Amino acid sequence: YTYISQFILNILEGHSADHGSYKKYKEAKENIFKFQKEGDLFIQGPLPDKLPKGLKQKDIPLLGKHNLRNINTAIKVAEYLNIKDSDIKKAIKKFTPLEHRLENVGSFKGITFYNDSIASSPDAAIAALDTLKNVDTLFLGGSKQKFDFKKLEQKIHESKIKNIILFKDNGKLMIKNKKQLNIFYTDNMFDAVEFAYQNTKKGKICLLSPASASQSIWRDFEDRGQDFKRCVKKIGNQE
């Protein structure tokens with residue numbers, strides 16, 4: 001058989017924490033194509049973040065340019081396997097996004113809530129802010145890791161986000177320049193969501209994209225995301 005390898009869509013500093021160093025992280029990624037032989041296919045990203053030919057934005061169930069790169073990589077593999085264009089387009093249109101990944105929880109009391117609990121690094125949170133242009137309230141923080149939050153902080157100010165909710169353990173370490181920010185520190189999701197309802201402008205977005213792992217308060221990112229959704233719906237459905 002032919003060994004098909006999609007090398008790396010991104011090599012991001014934030015992911016190196018799980019491997020001990022950036023060098024070890026890169027070496028681990030290189031294992032993906034380490035055992036290829038002559039005649040095998042190697043697809044290296046990132047591929048273009050443009051809409052696939054023949055598809056419109058409304059046909060794409062995944063949000064963000066980073067997901068367009070993922071889709072275009074998958075299309076390259078499908079084309080190599082001689083899968084028909086019509087089947088590729090059908091599969092893209094029918095794809096159901098997973099929970100906790102820029103998941104639209106719904107609109108309540110004039111505010112739209114997004115659950116991006118999977119975002120456990122600054123790079124992931126920046127990607128979410130690049131995708132959603134109308135964020136007024138952002139949930140950040142969680143387990144301590146060796147991350148540099150300077151680029152994320154810069155993105156927050158560039159995006160003119162007003163309200164920041166910071167969870168322990170690293171929340172208080174994430175924002176150095178607090179000018180013009182309405183900051184709320186907590187270790188309780190219900191209190192955090194209540195603050196969001198009280199301070200987010202109608203017509204704006206409230207986003208959970210913590211840029212941190214979850215284990216300081218929650219079991220995992222899924223538990224964190226479910227907690228967020230429960231609180232959003234509970235408060236949102238109150239008269």
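Residues numbered from 1 in each chain as written. Predicted model: local features only at pLDDT ≥ 70, side-chain atom pairs only at ≥ 80, totals over all residues. Heavy atoms only, no water.

Undergrad: So what exactly am I meant to see when it comes to the packing of aromatic side chains here?
TA: We describe a pair of aromatic rings using the distance from one ring centre to the other and the angle between the two ring planes. This structure, assessed with the given rule, holds eight aromatic pairs. With 6.1 Å between their ring centres and 85 degrees between their planes, F147 and F149 make a pair best called edge-to-face. Like F149, F147 is buried. Relative to F195, the ring of F184 has its centre 4.8 Å away and its plane inclined at 10 degrees; by these criteria the two rings are stacked. Placement of the pair is F184 in strand β7 (residues 182-186) and F195 in helix α7 (residues 189-199), with a sequence separation of 11 residues. Here F184 falls in the partly exposed class, since its relative accessible area comes to 25%. Through a chain of ring-to-ring contacts, the aromatic side chains of F108, F113, F139, F167, Y197, W218 and F228 assemble into a single cluster. Just above the ring of Y185 sits the side chain of K172; from NZ or CZ to the centre is 5.3 Å. (Phe/Tyr/Trp six-rings, centres within 6.5 Å; stacked < 30°, edge-to-face > 60°. Buried < 20%, exposed > 50% of the residue type's maximum accessible area, 1.4 Å probe, protein only. Helix = DSSP H or I, 4+ residues; strand = E, 2+ residues; numbered from the N terminus. Lys NZ or Arg CZ within 6 Å of the ring centre and 35° of its normal.)

Undergrad: Would you take a moment to explain unusual backbone geometry for this structure?
TA: One can expect most non-glycine residues to show negative phi and most peptide bonds to be in trans. Cis rather than trans, the peptide bond between K168 and D169 has omega equal to 5 degrees. Its place among the elements puts D169 in the loop between β6 (163-167) and α6 (171-174). Within the chain, H100 stands out as a residue other than glycine whose phi angle is a positive 70 degrees. Here H100 is to be found in the loop between α3 (85-94) and β3 (103-108). According to the relative accessible area criterion, H100 is buried, its value standing at 2%. A positive phi is found at K109, a non-glycine position, where the angle reads about 55 degrees. Within the element layout of this structure, K109 appears in the loop between β3 and β4 (111-115).

Undergrad: Would you mind going over the pattern of salt bridges with me for this structure?
TA: In a structure, side chains of opposite charge can pair up when their charged atoms sit close to one another. The final tally for this structure, using the stated rule, is nine salt bridges. Measuring nitrogen to oxygen at the nearest pair gives 3.7 Å for the salt bridge that ties R219 to D220. Its salt-bridge partner being R230, residue D227 comes within 3.7 Å of it at the nearest N-O pair. Of this pair, D227 and R230 both sit in helix α8 (residues 221-236), three residues apart, which is roughly one turn of that helix. D227 gets classed as buried once you look at its relative accessible area, which sits at 17%. Here the salt bridges share partners, and the residues they tie into one network are E99, E103 and K229. (Salt bridge = Lys/Arg side-chain N within 4 Å of Asp/Glu carboxyl O.)

Undergrad: Would you mind going over the nonpolar core with me for this structure?
TA: Proteins that are soluble and globular tend to have nonpolar side chains buried together. With 23 residues, the main nonpolar core has L129, L138, L140, L152, I156, I164 and L207 as its most contacted residues. Of all the elements in the fold, those that place two or more residues in this core are α4 (122-131), β5 (135-140), α5 (150-158), β6 and β8 (205-208). Sort the elements by how many residues they give to this core and α4 lands first, with four residues. Setting aside its immediate chain neighbours within four residues, I164 contacts L138, L140, I156, L181, N182, I183 and F184. (Core = buried A, V, L, I, M, F, W, Y, C linked by side-chain atoms within 4.5 Å. Contact = heavy atoms within 4.5 Å.)

Undergrad: Help me understand the pairing of β3, please; the structure alone is not making it clear to me.
TA: Regular strands place side chains that alternate from one sheet face to the opposite one. In terms of strand pairing, β3 meets β4 through five bridges, oriented antiparallel. Paired with G106 across the strands is F113, a residue of β4. From the end of β3 to the start of β4, which pair antiparallel, there are two residues, and K109 there has a positive phi angle of about 55 degrees. (Pairing = 2+ DSSP bridges.)

Undergrad: Explanation requested: the side chain of S117 in the structure shown.
TA: Tracing the sequence through the fold places S117 in the loop between β4 and α4. A polar contact of 2.6 Å, which involves the side chain of S117, links it to the backbone oxygen of F221. Polar side-chain contacts of S117 include one of 3.4 Å to the backbone nitrogen of G225. Not counting residues up to four positions away in its chain, the partners in contact with S117 are H100, L208, P210, F221, R224 and G225. (Polar contact = N/O pair within 3.5 Å; in protein donor to acceptor, adjacent residues only side chain to side chain.)

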